[in-house]
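Breakdown of the fold
The lines below spell out each chain.
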Amino acid sequence: MKQKRQRRIIEIINHNIVETQEELADLLRAEGFAVTQATVSRDIKELGLTKVSAQGGGQRYAVLKEDHGKMTDKYVRILSDGLISAETAGNLLVLKTVSGMAMAVAAAIDAMNFSEVVGSIAGDDTIMAATRSPMDAGTLKGKINDLIHSS
């Protein structure tokens, strides 16, 4: 039942703009799934879903990456191990890393295909990730913090 429900969650978010866990739970219940908010929350974490900017200024759930298994776990581990801090500066997200880890952290961020990132430059211990707007920089910072703290 869990696998069927999680497959359906992916289908729902790929075809609908779903902004909240409660909205997702309501859609699942309408299709006959007996779910609670806690169940939906666990499914979101297990599926590696994240919020991305939606047209019109809101946010919606999306699959972080089609292959959200071992590779995504590896990227999150690289972020967790290498990242020291993240600060916004206008439309830039400036990430400080452990010395020598900036390239690996930047590669992980690039591989995760965050919709907010236009491009990034990495030195030895600093990354500058360019986003389209200051709001996107803040959203990206939040997503990275959420990934690190949920692992």
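For clarity, every value in this text was computed on a predicted model and none was experimentally measured. (Residues numbered from 1 in each chain as written. Predicted model: local features only at pLDDT ≥ 70, side-chain atom pairs only at ≥ 80, totals over all residues. Heavy atoms only, no water.)

1. A short note on the packing of helix H2 (residues 21-30) against helix H3 (residues 37-47)
Where H2 contacts H3, the axes come no closer than 9 Å and their chain directions differ by 105 degrees. Looking at the two axes, H2 sits roughly perpendicular to H3. Note on element contacts: H3 touches H2 through Gln 37, Val 40, Ser 41 and Ile 44, opposite Gln 21, Glu 22, Leu 24, Ala 25, Leu 28 and Arg 29. Each residue belonging to the contact of H2 with H3 can be placed in one class, and the counts come to five nonpolar, three polar and two charged. (Axes fitted to C-alpha atoms, helices over the stretch in contact; angles between N-to-C directions. Helix = DSSP H or I, 4+ residues; strand = E, 2+ residues; numbered from the N terminus. Parallel < 35°, antiparallel > 145°, perpendicular 65-115°, else oblique. Contact = heavy atoms within 4.5 Å. Nonpolar A, V, L, I, M, F, W, Y, C, P; charged D, E, K, R; others polar.)

2. Thoughts on the pairing of strand E4 (residues 92-97)
Successive side chains on a regular strand alternate, one facing one side of the sheet and the next facing the other. Burial along E4 is one-sided: Leu 93, Leu 95 and Thr 97 are buried, while Leu 92, Val 94 and Lys 96, pointing the other way, are not. The pairing of strand E3 (residues 83-89) with E4 spans six bridges and is classified as antiparallel. When the sheet's bridge partners are listed, Thr 88 is paired in E4 with Leu 93. Connecting E3 to the next strand, E4, in antiparallel fashion are two residues, including Gly 90 with a positive phi near 65 degrees. The sheet contact formed by E4 and strand E6 (residues 126-131) spans five bridges and is antiparallel. The residue bridging Leu 93 from the neighbouring strand is Ala 129, located in E6. (Buried < 20%, exposed > 50% of the residue type's maximum accessible area, 1.4 Å probe, protein only. Pairing = 2+ DSSP bridges.)

3. Structural notes on the pattern of salt bridges
Within the structure shown, the criterion is met by eight salt bridges. Residues Lys 2 and Glu 46 are paired through a salt bridge, measuring 2.8 Å at the closest nitrogen-oxygen approach. On the criterion of sequence distance, the pair formed by Lys 2 in helix H1 (residues 2-15) and Glu 46 in helix H3 is long-range, its members being 44 residues apart. Owing to a relative accessible area of 41%, Lys 2 belongs among the partly exposed residues under this scheme. (Salt bridge = Lys/Arg side-chain N within 4 Å of Asp/Glu carboxyl O.)

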